Amino acid sequence: MRELTLQNGETVALTLNFRYQNDLRAKRPEVAAGPWNAMKVAMGGGKEDMIWPSIQTIYAAYLCGAIKAGTLEEAYSYDDFLEQLPEDPAVIITLANELLSPNQAGGSVARSRGRRASGGKA
């Protein structure tokens with residue numbers, strides 16, 4: 001899980017955990033595709049502007065974090081969230097990339113394999 005400090009000083013949780021993405025697909029399908037659209041742009045050579053897919057990824061991660069915390073009903077609207085985002089495109093694109101490709105992926109895969117091998121217990 002990552003955090004983002006908004007312009008108003010509030011720190012919000014961000015996650016793209018599949019459990020919460022699945023919930024987001026059911027509750028806010030118009031937002032849920034954002035991370036996957038960003039991946040398509042990035043994998044296609046990044047020829048398009050990455051800022052908007054990155055923002056959509058961060059917003060989806062924010063809503064997933066709100067679902068996890070049980071605060072989705074109080075979450076910022078997309079427009080209000082845009083207003084509070086840091087104004088540095090490099091920060092936004094870097095954060096989206098970190099969310100889409102977390103550095104600990106190898107450790108997570110290893111833990112998952114370990115759970116399967118031990119009958120689901122790590």
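Residues numbered from 1 in each chain as written. Predicted model: local features only at pLDDT ≥ 70, side-chain atom pairs only at ≥ 80, totals over all residues. Heavy atoms only, no water.

## Description of the pairing of strand β1 (residues 2-5)
Looking at chain direction, β1 and strand β2 (residues 11-14) are connected through 4 bridges and run antiparallel. Within the sheet, the bridge partner assigned to L4 lies in β2 and is V12. The turn linking β1 back onto β2 is made up of 5 residues, and G9 within it adopts a positive phi angle of 95 degrees. (Pairing = 2+ DSSP bridges. Helix = DSSP H or I, 4+ residues; strand = E, 2+ residues; numbered from the N terminus.)

## Thoughts on the pattern of salt bridges
Considering all chains together, one arrives at 3 salt bridges under this definition. For the salt bridge of D23 with R19, the shortest nitrogen-to-oxygen distance reads 2.4 Å. Here the residue D23 and the residue R19 both occupy positions in helix α1 (residues 18-27), the gap between them amounting to 4 residues, near one helical turn. When the shortest N-O distance is used, the salt bridge between E30 and R28 registers 2.9 Å. (Salt bridge = Lys/Arg side-chain N within 4 Å of Asp/Glu carboxyl O.)

## Considerations on the packing of aromatic side chains
By the definition in use, this model includes 5 aromatic pairs. Where Y59 meets F81, the ring centres are 5.2 Å apart and the plane angle is 55 degrees; that geometry is what we call tilted. With Y59 in helix α4 (residues 51-69) and F81 in helix α5 (residues 78-84), the pair connects residues that are 22 residues apart, well separated along the chain. Ring centres of Y62 and F81 lie 4.8 Å apart, and the angle between their planes is 20 degrees; this geometry places the pair in the stacked category. Of the two residues, Y62 sits in helix α4 while F81 sits in helix α5, which places them 19 residues apart along the sequence. Residue classification places Y62 among the buried positions, given a relative accessible area of 7%. The class of F81 is buried, set by a relative accessible area of 0%. Taken together, the ring pairs connect Y59, Y62, Y76, Y78 and F81 into an aromatic cluster. (Phe/Tyr/Trp six-rings, centres within 6.5 Å; stacked < 30°, edge-to-face > 60°. Buried < 20%, exposed > 50% of the residue type's maximum accessible area, 1.4 Å probe, protein only.)

## A few points about α4
Taking 1.5 Å per residue, 19 residues should reach 27 Å; α4 reaches 27 Å between its end C-alpha atoms and fits that length. Looking one or two places after α4, you find G70, whose phi comes out positive at around 75 degrees. (Expected span 1.5 Å × (residues − 1).)

## A few points about the nonpolar core
Side chains of a nonpolar character, in soluble globular proteins, are inclined to be buried together. One finds L4, L14, L24, I58, Y62 and F81 to be the most contacted residues of the largest nonpolar core, which totals 30 residues. Elements represented by at least two residues in this core include exactly β2, α1, α2 (29-32), α4 and α6 (89-100). With 11 residues, the single largest contributor to this core is α4. Once residues within four sequence positions are removed from consideration, F81 is found in contact with L4, L6, I58, Y59, Y62 and Y76. (Core = buried A, V, L, I, M, F, W, Y, C linked by side-chain atoms within 4.5 Å. Contact = heavy atoms within 4.5 Å.)

## Details of the confidence of the model for the protein chain
For the protein chain, per-residue confidence averages 79 on the pLDDT scale, and residues scoring 70 or more make up 75% of the total. Every residue in residues 104-118 scores below 50 in pLDDT, and together they form 4 contacts with partners more than four places removed in sequence or on other chains. (pLDDT = per-residue confidence, 0-100.)

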